[in-house]
Structures are given as structure tokens and as C-alpha cells.
Protein chains: 2
Amino acid sequence: MNESGYVHGYTSRECHRLTEQANILSELLHHDTMFAPGTLVLECGCGTGAQTVFLASRNPGARIVSVDVSAASLEQARGRVAAAGHRNVEFLEADIFELPFPDALFDHVFLCFVLEHLSQPAAALTAVKRVLRQDGTITAIEGDHGSWYSYPQTPESSRAVQCLIDVQARLGGDSLIGRRLYPLLAAAGFRDVQVSPRMVYVDHSRPELVEGFSRNTFIAMVEGVRDQAISLGLIGQPAWDKGIADLYRATESDGTFCYTFFKATGTR
Amino acid sequence: MNESGYVHGYTSRECHRLTEQANILSELLHHDTMFAPGTLVLECGCGTGAQTVFLASRNPGARIVSVDVSAASLEQARGRVAAAGHRNVEFLEADIFELPFPDALFDHVFLCFVLEHLSQPAAALTAVKRVLRQDGTITAIEGDHGSWYSYPQTPESSRAVQCLIDVQARLGGDSLIGRRLYPLLAAAGFRDVQVSPRMVYVDHSRPELVEGFSRNTFIAMVEGVRDQAISLGLIGQPAWDKGIADLYRATESDGTFCYTFFKATGTR
């Protein structure tokens, strides 16, 4: 994936969204991401470091090498991790398909919201497996936009979400990849593959999730593909506007919102 | 709801399916259904007693009154509970909308897979609230067929599942009710409403769920509406056959299957 192929773009609103998402989901996704002191971890596709800060803070004894294909994102990640006071992360510009490391170097490989953007996720898993030692482990975390549903839900809100799925597919990604993690890891030859779904359920009794997840993470992500969806002819302006309005409608006091992330682990 | 309006019918295969479902899901749905000794519990819509046996066995000190609109189902429920050796359940033929009990009699009302079949679930909640004492509590458990997705998933497998949703809707039910439990209970005037989703995630590492849930619970339920779906013109025979075959395809070794139940509690 080159920079122009990243569905969510590189705007400052997007950076804010990624940070919000990482904060609100940190406990859900990362509470059980723990490495023994001395573990050498490769984080592939760290982006602006939204997940890196959690990896680093939860695992102060681990040595983390975080790589990304975007030099600009890496610069932001460096700043973010330094600002948080972590000294156990090194950053490196690298392509996941051409990792500049010897075979079997790492104890663990960590991928979060990366495989969904790649046209060849299976090949990516094979590439990272090369730099993982025998009996080393992998963590892959992905969402699945097809896991979204809400109350109320309308044909237009469903269509708006489908636009996000379709735009990502046009860019070569697969935003329905959460449900595929088990077969992907198994086919890449990892053993003891375990997948644990992490469902985000939002209703009015959970106002921090209404704001932090439904509005500022999920709907913001859908809104982010507006121009592409309309210019690709996937949807017209009136249907789009109603779809977005209907998504916000499901965040009102009698609405509910559901989405599921998947966390997979495996052993080389 | 009268007997003819029950989407799943009253066949022996359906009775077997309900039992299989109850066994495989017992821990997931009922592990936290616990009542103090002496609690007087009303179970509405007990059917053939598939859930009643778990209520009774987990709460030997509770006194349970189980009602259903079908005399034939009650007869099976009586036999099932007696065979399991439980003596803390009484059965009574009754309509949820005309419960033959004085106001505020019960400490707890329990509903499992009942509201989804009613054309007036809100009115049903108001009706059961009448027989619940002040500060008494309610549990409502429902599935949500719109929460299903799988890998692989095809237009035909999606359509077959949509037939189940549509047939149930034609009969006046709402099989997407899981996501609606929060607003339904809140609108009925229950306070401290808490909804906890219970997701069933199935892959090849969980063979008991492949058999017990994906095949013998969910796909069996879809297959159960075949004749109605075809005679109502919702789908043609070839598309139906491919849909069912594709659902089974997702239970093979590289397939995954997802479904979510919702458990809601509230206080009067």
C-alpha cells in the first residue's frame, strides 16, 4: 500500500479520529497485550503511533521496533511517543513486504488495523512470519465494518456504511477482514490460532461510548469517505446526507450502536 | 401471539433444535442469572421448558412460575423439568397480555426468546411490569438475526437469513429485537437498564460450536422457514438451495460464523 491508497487519508481530523479511537478502545483491545521484559516486538504499520503509545506504556520492559511506510506518519509517531515519555520504541521507515530485518529476529509481531488496508494480507502475514523466531507469537487486531448495526437502522444508513466498505475495497483493502483473521493466520502456517471478538455495544447508559466511539470514531470514519463515495458514483448527495443523519439518529437517547473488533493470536 | 403465529413451528425437529440451542448457550446466557433463595420468579413464554431447566437448576432456592400460551408446549415443559428432577417450578397456561396474577406479586420476571415473537413487545413489557413488585427486577434475553455474518458470506446466504427475518416479520415478530432491548425496557419505565451483548464467535478451533450453534441452532432455524419463504415468494428454490449450501460452507474448516444475543436487566 502506498500513501495515496490509505482509505482514511492523512488529514488532521483523521489523526484526531485515530487518537480518539485508540484512547476509547485501549482497554478493550489492549488490556491483554502483554509481553515479558526483554521481549523484542515488531509493530508493523504503526501509522501516527496511536496504538504504539499503549504498547509502550503497557510493556515498559519490552523493546519495540515500530515501522511504517509513511515517513510523515512516523514523524508524528515519534513525537507522540516521546511526548508520552516512552524510551523503549525505535521507529523505522519500511514496507511490510520488504522488511529490512534478518530471519527470526523478533519474539513477537504486532499488527493493528493494518491487514485491512492491504490487497495481499496473506502475503503480508508470510512476510512478517519470516522475521519471527520459531515459537514466537503474533497479534493481529482488525475491525469488521460488516459487523456494524444500529437501532434505528435505515436503508440509507446501511448504504452509507456500505460506501465505506466499497471505497476501501476499491483501494484494494478489505474492511470485512475481522471475521477472516482465523483462516488468514491458519493459512499462513501459524499454530494455536485463537480469535477473540471484542464487541462495542453502545446505548444511552454509556455516554462516553456514544461520543467516543459511535460519533467520533465510527461515524467520523464513514464521513471521511464522503467525497470518494460520491465521486465514484456509489451514492448520491441526498442519500448520503440522509444516511449520515440516520447514523447520528442512532446515537440519540433511544438508539443503540454495535460494532465488533477481532483480536487474533498465533504461534510460529 | 397465538400458536399458528410462532415462526419456528412446533415440530419435533424444532423441539430438538430448541434443546440443542439451550444446552450450547446455557453458560453464555444464564451463567449470571441467579436469584436469592425464596425469590418468586415468573417465567413468561417458557415454551417446552428449554430454558426453564436451567433457571430451575441454577436457582434451586427460587420458586418459579412458568407460563406459556401453548398447552402442548407446557406439557412437554412439565415432563422435561420433572425428568430433570426439579421441584421448584409450577406451570400455568396463560397469555402474557392477560396474566392471571395480582399486581406486584413477583420478585423477578424472566423472558427468553419471547419478545421477538410478539407484535406488541412494548405492551408485553407493560403487562409483565404490572405483576412485578416495586424494586423487583426483570431479565429479557433475545437474539438478533441481523447480527449474523460469516466468512465466507455470499449474497445467497445473506438472502436466506433475510428470509428468516422477513418470515418472522410477516408473522408480526421482530427478529432484530436484541438491539432494541435497551429502548424497549427504558420506554416501559424500567430503571437501571443494563444490556450486555453475548456474542457467539465460531471457527474451526471450536468444533462444539460449529455443530451445536452454527449448524444445529442457527442454520437449522433458517432451514425451518424454507416452505414459508418459498410460498410467500420471498425467494426461489435455486437461490434458497444455494443460500443454505453457502451457510454450511461457512462451517467448514476455514469458515467463521458470528451471532450476538442480548441480555437486558432492569428494575421496576
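What you see is a predicted model, and the numbers here were worked out from it, not measured in a lab. (Residues numbered from 1 in each chain as written. Chains lettered and ligands numbered in written order. Predicted model: local features only at pLDDT ≥ 70, side-chain atom pairs only at ≥ 80, totals over all residues. Heavy atoms only, no water.)

J.: Can you help me understand the nonpolar core in this one?
T.: Considering soluble globular proteins, one finds that nonpolar side chains tend to be buried as a cluster. Phe213, Phe218, Val222, Trp240, Leu247, Phe257 and Phe261 of chain A are the most contacted members of the largest nonpolar core, which has 51 residues in total. Of the residues forming this core, the biggest block, 7 residues, is contributed by helix α7 (residues 207-223) of chain A. Excluding residues that lie within four positions of it along the chain, Phe213 of chain A makes contacts with Ile24, Leu25, Val200, Val202, Glu208, Phe218, Tyr259 and Phe261 of chain A. Ranked by size, the runner-up nonpolar core spans 50 residues in total, among them Val53, Leu55, Ile244 and Tyr259 of chain B. (Core = buried A, V, L, I, M, F, W, Y, C linked by side-chain atoms within 4.5 Å. Buried < 20%, exposed > 50% of the residue type's maximum accessible area, 1.4 Å probe, protein only. Helix = DSSP H or I, 4+ residues; strand = E, 2+ residues; numbered from the N terminus. Contact = heavy atoms within 4.5 Å.)

J.: Any chance you could explain helix α4 (residues 121-130) of chain B here in plain terms?
T.: Each α-helix winds once per 3.6 residues, and so residues spaced three or four apart point in a common direction. Residues and elements named next belong to chain B. Those residues of α4 that fall on the buried side of the exposure criterion are Pro121, Ala124, Leu125, Ala127 and Val128. For α4, the buried positions fall inside an angular range of 160° around the axis, keeping them on one side. Those residues of α4 hidden inside the fold are in contact with β1 (40-44), β4 (106-112), β5 (132-142) and α6 (181-187). (Arc of directions from axis to C-beta.)

J.: What is the right way to read unusual backbone geometry from this model?
T.: What is expected of a backbone is that most residues other than glycine have negative phi and most peptide bonds are trans. Residues and elements named next belong to chain A. In the segment running from Tyr151 into Pro152, the intervening peptide bond is cis, with an omega of -15°. Summarising the element assignment, Pro152 is placed in the loop between β6 (149-151) and α5 (155-170). Backbone geometry at Asp192 places phi at a positive 50°, although glycine is not the residue there. With respect to the helices, strands and loops of the structure, Asp192 is situated in strand β7 (residues 191-202).

J.: Would you mind going over the interface of chain A and chain B with me for this structure?
T.: Bring the parts together and some accessible area is lost; that lost area is often taken as the interface size. Taken together, the 26 residues of chain A in the interface contact 26 residues of chain B. Sorting the residues of chain A by area buried against chain B places Tyr149, Arg179 and Tyr182 of chain A first, and these three jointly supply 31% of that buried surface. On inspection of chain A and its partner chain B, the count reaches 0 salt bridges. Our count for the contact surface shared by chain A and chain B stands at 8 residue pairs in polar contact (both at pLDDT 80 or more). (Buried area = accessible area lost by both parts, 1.4 Å probe. Salt bridge = Lys/Arg side-chain N within 4 Å of Asp/Glu carboxyl O. Polar contact = N/O pair within 3.5 Å; in protein donor to acceptor, adjacent residues only side chain to side chain.)

J.: What is the right way to look at the packing of α5 of chain A against α7 of chain A in this model?
T.: A pair of packed helices is captured by two measures, namely the crossing angle of their axes and the spacing between those axes. All names here are of chain A. Put simply, α5 and α7 touch, their axes get as near as 9 Å, and they point 70° apart. Compared by their axis directions, α5 and α7 come out roughly perpendicular. Residue-level contacts link Ala160, Val161 and Leu164 of α5 to Phe218, Met221 and Val222 of α7. Of the residues assigned to the contact of α5 with α7, the class counts are 6 nonpolar, no polar and no charged. (Axes fitted to C-alpha atoms, helices over the stretch in contact; angles between N-to-C directions. Parallel < 35°, antiparallel > 145°, perpendicular 65-115°, else oblique. Nonpolar A, V, L, I, M, F, W, Y, C, P; charged D, E, K, R; others polar.)

J.: Would you mind showing me how to read the packing of aromatic side chains here?
T.: The geometry of an aromatic ring pair is captured by two quantities: the separation of the ring centres and the angle between the planes. Residues and elements named next belong to chain A. Under the defined criterion, the tally for this structure stands at 20 aromatic pairs over all chains. Look at Trp148 and Phe218: their rings are 6.1 Å apart centre to centre, the planes differ by 10°, and that puts the pair in the stacked class. A residue pair is termed long-range when its members are at least 10 positions apart, and Trp148 in the loop between β5 (132-142) and β6 and Phe218 in helix α7 qualify at 70 residues. Assigned by exposure class, Trp148 and Phe218 land together as buried. Taken together, Phe113, Trp148, Phe213, Phe218, Phe257, Tyr259 and Phe261 form an aromatic cluster joined through their ring pairs. The ring of Phe190 carries Lys129 above its face, with NZ or CZ at 5.9 Å from the centroid. (Phe/Tyr/Trp six-rings, centres within 6.5 Å; stacked < 30°, edge-to-face > 60°. Lys NZ or Arg CZ within 6 Å of the ring centre and 35° of its normal.)

J.: How should helix α3 (residues 71-83) of chain B be read in this particular structure?
T.: Residues and elements named next belong to chain B. Under the 1.5 Å per step criterion, the end-to-end length of α3 is 18 Å for 13 residues, consistent within 8% with the ideal 18 Å. Considered for burial, the residues of α3 that qualify are Ser73, Leu74, Ala77, Arg80 and Val81. Taken down its axis, α3 places every buried residue within 125° of arc, on the same side. Of the exposed residues in α3, those oriented more than 90 degrees away from the buried face are Glu75, Ala82 and Ala83. (Expected span 1.5 Å × (residues − 1).)

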